[in-house]
Structures are given as C-alpha cells and as structure tokens.
Amino acid sequence: MNALIPWLTDVLIFGALIMLTVALYGVLRMPDIYTRLHASSKTAIFGVAPLLVALMLSGDASFISRAVLIGAFILFTTPVAAHAIARAAYETDPPEHIERWIVSDHDRP
Amino acid sequence: MPHDIVLSIAIVWMVILLAISLVLVILGPSRLAQILAFDMATMMILGGLLLLALARRSSFDLDAALMLALFSFGGTLAATRYYRKGTIFS
C-alpha cells in the first residue's frame, strides 16, 4: 500500500494536466463568452483538485491542512468569479438569440 | 527515480499551458475574454505552485498558492465590476 502512493500521485498529476489542457483548448476553441466560461470553470474542480488530492496522499499534516484550505477556497470562489464574468457579459451586451429571462437589478420598476 | 521525471515533465507541461493562457490574455477577442483568460492563467500558476510543492516537499509554496487564489478572486471581481460600472467602488 505504501509503495503504491507515488504511482497514484503520478496518475493524479497526469489526469489533472490532461483536464487543464482540455479546458484551455475549450477556451481557445469556443466562440462565445458563455461557452468559454463553461470550459474554463472546469479547471478548478477537475484540474486543481486532483493535484490537491496528490498533495494530501504524499504529504504530512502541514500539506493536508493547507490543501484542504486551498480546496475549500477554490470550490467557493470559482463559481462566484464565473458568475461575475457572465453577469458583466449579460448586462453590457445581452445576447439576442437567448430569451431574456434573468431578472436583473435594472429590470425592476 | 521515475517519479522525479514525472514531476519535471508535469512542471514543463504546466509552464507551456501558462504560456498559452498568457498569450490568450493578450490576444483575447474581447475584454471579458481577457479577464477570463487571466483568471485561467492564475489557475495555471496555482497548479504550478502545487507541483512545485510536490517536487520540493515544502509547504511554503502552498501558502503562496492560497494567497494567489485569494488575490485572483478579488482581481477578477474588481475587473468585472469595473467593466460593468466604470468604477470599482461606488
């Protein structure tokens, strides 16, 4: 079991790198800001979380505590940042082909 | 030592991804795409710091990664707010 941990770390590192590459290719390829957000929001949970799990597997208590802290922070802040970008895109340049169904602040009477 | 080679390859790969996303920061079609690419570039730097912590066995890199996540979040919020309203505080 103890000899298996470095190989598991390697597998997690390469899985994270493949997911980061796929997300970057999605950002390069997608035409719209909303679809780009769909691609880039995957980096937090599928790209950084396996690296944090690899740190937790091969580390001691100082690694585990900081990895849990970074993971919780990333998990909470990445959707908020994506929502801020999408809201800015929607309010400055609303898309014509999507029906306007989000009630924003300046829609209220 | 095959695991050290794996870590070296991973760090080089992450630096290449970081370079591509920095090119996207410059070339993005709109301002919001540039903000998005910048957010993604900080995520790549964070992953590189995690790989560096794995390679050097030091937990100080994880403190740097936490601070980088914090400032990246604040910077993205400030940039989108400036894009939306023209000011950050009002």
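Nothing here was measured: the structure is a model prediction, and the numbers come from that model. Counting from 1, residues in each chain are numbered in the order their sequence is written. Throughout, the order in which chains and ligands are written sets their labels, letters from A for the former and numbers from 1 for the latter. Given that this is a predicted model, residues contribute local features only at a pLDDT of at least 70 and side-chain atom pairs are listed and counted only at 80 or more, while totals for whole chains, interfaces and linings are drawn from all residues.

1. Remarks on the overall build of chain B
Part 1 of the argument: Scanning chain B for helices and strands turns up 3 helices and 0 strands.
Part 2 of the argument: Each principal axis of the C-alpha distribution contributes one length, and for chain B these read about 55 × 25 × 10 Å.
Part 3 of the argument: Here the C-beta atoms are placed from the backbone, and a residue counts as buried if at least 20 other C-beta atoms lie within 10 Å of its own, exposed if 12 or fewer do, and partly exposed otherwise. Out of the 90 residues in chain B, the part that is buried amounts to 37%.
Part 4 of the argument: Pairs at least 24 apart in sequence give 46% of the contacts found in chain B among residues at least 6 apart. Each helix corresponds to a stretch of at least 4 residues labelled H or I by DSSP, and each strand to a stretch of at least 2 residues labelled E; elements are numbered beginning at the N terminus. Once C-beta atoms have been placed from the backbone, residue pairs whose C-beta atoms lie within 7 Å are recorded as contacts.

2. Some words on the packing of helix α1 (residues 5-29) of chain A against helix α1 (residues 2-27) of chain B
Part 1 of the argument: Interaxial angles span 0 to 180 degrees and are taken between N-to-C directions of axes, which are lines fitted to C-alpha atoms, for helices over the stretch in contact. Where α1(A) contacts α1(B), the two axes come as close as 11 Å, and the packing angle between them is 15°. As summarised for this structure, α1(A) and α1(B) are arranged roughly parallel, according to the angle between their axes. The handedness of the crossing between α1(A) and α1(B) is left-handed. Residues P6(A), D10(A), I13(A), L17(A), L20(A), T21(A), L24(A), V27(A) and L28(A) of α1(A) form the contact with α1(B), whose participating residues are H3(B), V6(B), A10(B), W13(B), M14(B), L17(B), I20(B), S21(B) and L24(B).
Part 2 of the argument: Partitioning the contact of α1(A) with α1(B) into residue classes produces 14 nonpolar, 3 polar and 1 charged. An angle below 35 degrees is treated as roughly parallel, one above 145 as roughly antiparallel, one from 65 to 115 as roughly perpendicular, and anything else as oblique. We call a crossing left-handed when the near helix sits turned anticlockwise from the far one by less than a right angle, and right-handed when that turn is clockwise. Side-chain classes follow a simple rule in which Ala, Val, Leu, Ile, Met, Phe, Trp, Tyr, Cys and Pro form the nonpolar group, Asp, Glu, Lys and Arg form the charged group, and the remainder, Gly included, forms the polar group.

3. As for the environment of A72(A)
Residues and elements named next belong to chain A.
Part 1 of the argument: Looking at where A72 falls in the secondary structure, it is placed in helix α4 (residues 61-92).
Part 2 of the argument: Exposure remark for A72: the 11 C-beta atoms within 10 Å place this residue in the exposed category.
Part 3 of the argument: It is 19 Å that separates the C-alpha atoms of A72 and I13, two residues lying 59 residues apart in sequence.

Without other data, these values stay purely geometric and don't point to any function.
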